[in-house]
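A look at the structure
Spelled out from the first residue to the last, the chains are:
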Amino acid sequence: MKFFIDTANLAQIREANEMGVLDGVTTNPSLMAKENIRGEEACRRHYVEICNIVDGDVSAEVIATDFEGMVREGEELAALHPRIVVKLPCTAEGIRAVKYFSQKGIRTNCTLVFSPGQALLAAKAGATYVSPFVGRLDDICADGVELVRRIVEIYRYYGYATQVLAASIRHTQHIVACLDAGADVATCPLSAIKGLLRHPLTDSGLAAFLADHAKVNA
């Protein structure tokens, strides 16, 4: 499984990258606003800064909701850096834009996916990634991980190359569950990735080793 970090915070991206396990970054307008990145030019400069940190795909989301606007924004975003993946919503216009970019050789991430049917259309249109939102489904008492599992099964059965990028990951257990479900990628907050390191037996074992070392070197 690949690990993407879901943030626009440069310090967190650097920290995740320095761990040696980071494969890419996903962003969205909400994450940009959280970092007080305002205005089109500022956002695009920020995308380039992110691309200069990581050695992997960086999803940059369009704001337009119409086909022509998505195409215009997507082409401009893709031209910023070779690592940019154009992020498009799973709407009729978004699927049309996914197909357009697929034919142009521009990689895409079809986002806001909440059903197998949406995932099927995204794959048929040629999306590089499809992003089912695990946490948001859990919020309404649906099973986000089960959606990931169903999409993985559909893609494997029909031979689609689209990668399943589990999004809206809220905690470490979501990562483990999506791993079990066969997701190709999980995009997560830094805290969830670091949570994979935590285990009481690791802590107690290390403490015992250090205590024994202190005894024999006293």
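See above for the structure.
Residues numbered from 1 in each chain as written. Predicted model: local features only at pLDDT ≥ 70, side-chain atom pairs only at ≥ 80, totals over all residues. Heavy atoms only, no water.

Examining the pairing of strand S1 (residues 2-6)
Strand direction decides the pairing type here: S1 and strand S8 (residues 185-188), joined by four bridges, are parallel. Bridging across to S8, Phe4 finds its partner in Thr187. Pairing of S1 with strand S2 (residues 24-26) involves three bridges; the strand directions are parallel. Within S2, the residue paired with Asp6 across the bridge is Thr26. (Pairing = 2+ DSSP bridges. Helix = DSSP H or I, 4+ residues; strand = E, 2+ residues; numbered from the N terminus.)

Considering the pattern of salt bridges
Applying the stated criterion to the full structure yields eight salt bridges. Residues participating in the shared-partner salt-bridge network are Glu40, Arg44 and Glu76. (Salt bridge = Lys/Arg side-chain N within 4 Å of Asp/Glu carboxyl O.)

Examining the sheet that holds S1
Spatial strand order, S1-S2-S3-S4-S5-S6-S7-S8: eight strands in a closed barrel with parallel pairing. Sheet twist, expressed as the mean angle between neighbouring strand axes with direction ignored, is 30 degrees. As defined by bridge partners, strand S7 (residues 163-166) adjoins S8 across two bridges and the pair is classed as parallel. The residue bridging Ala166 from the neighbouring strand is Ala186, located in S8. Of the strands in this sheet, S2, strand S3 (57-61) and strand S4 (84-89) are in contact with helix H3 (residues 40-53), which crosses S3 at around 165 degrees. (Axes fitted to C-alpha atoms, helices over the stretch in contact; angles between N-to-C directions. Contact = heavy atoms within 4.5 Å.)

A short note on the nonpolar core
Within the largest apolar cluster, 62 residues are counted, with the highest numbers of intra-cluster contacts made by Ile13, Leu88, Val130, Val148, Ile151, Cys178 and Cys188. Ranked by the residues each element gives to this core, the list is headed by helix H8 (residues 144-158), at six residues. Dropping the residues within four chain positions of it, Val148 is found in contact with Pro132, Val134, Val164, Ala166, Cys178, Ala181 and Ala183. Residues Tyr129, Phe133, Leu165 and Ala167 belong to the second largest nonpolar core, which totals seven residues. (Core = buried A, V, L, I, M, F, W, Y, C linked by side-chain atoms within 4.5 Å. Buried < 20%, exposed > 50% of the residue type's maximum accessible area, 1.4 Å probe, protein only.)

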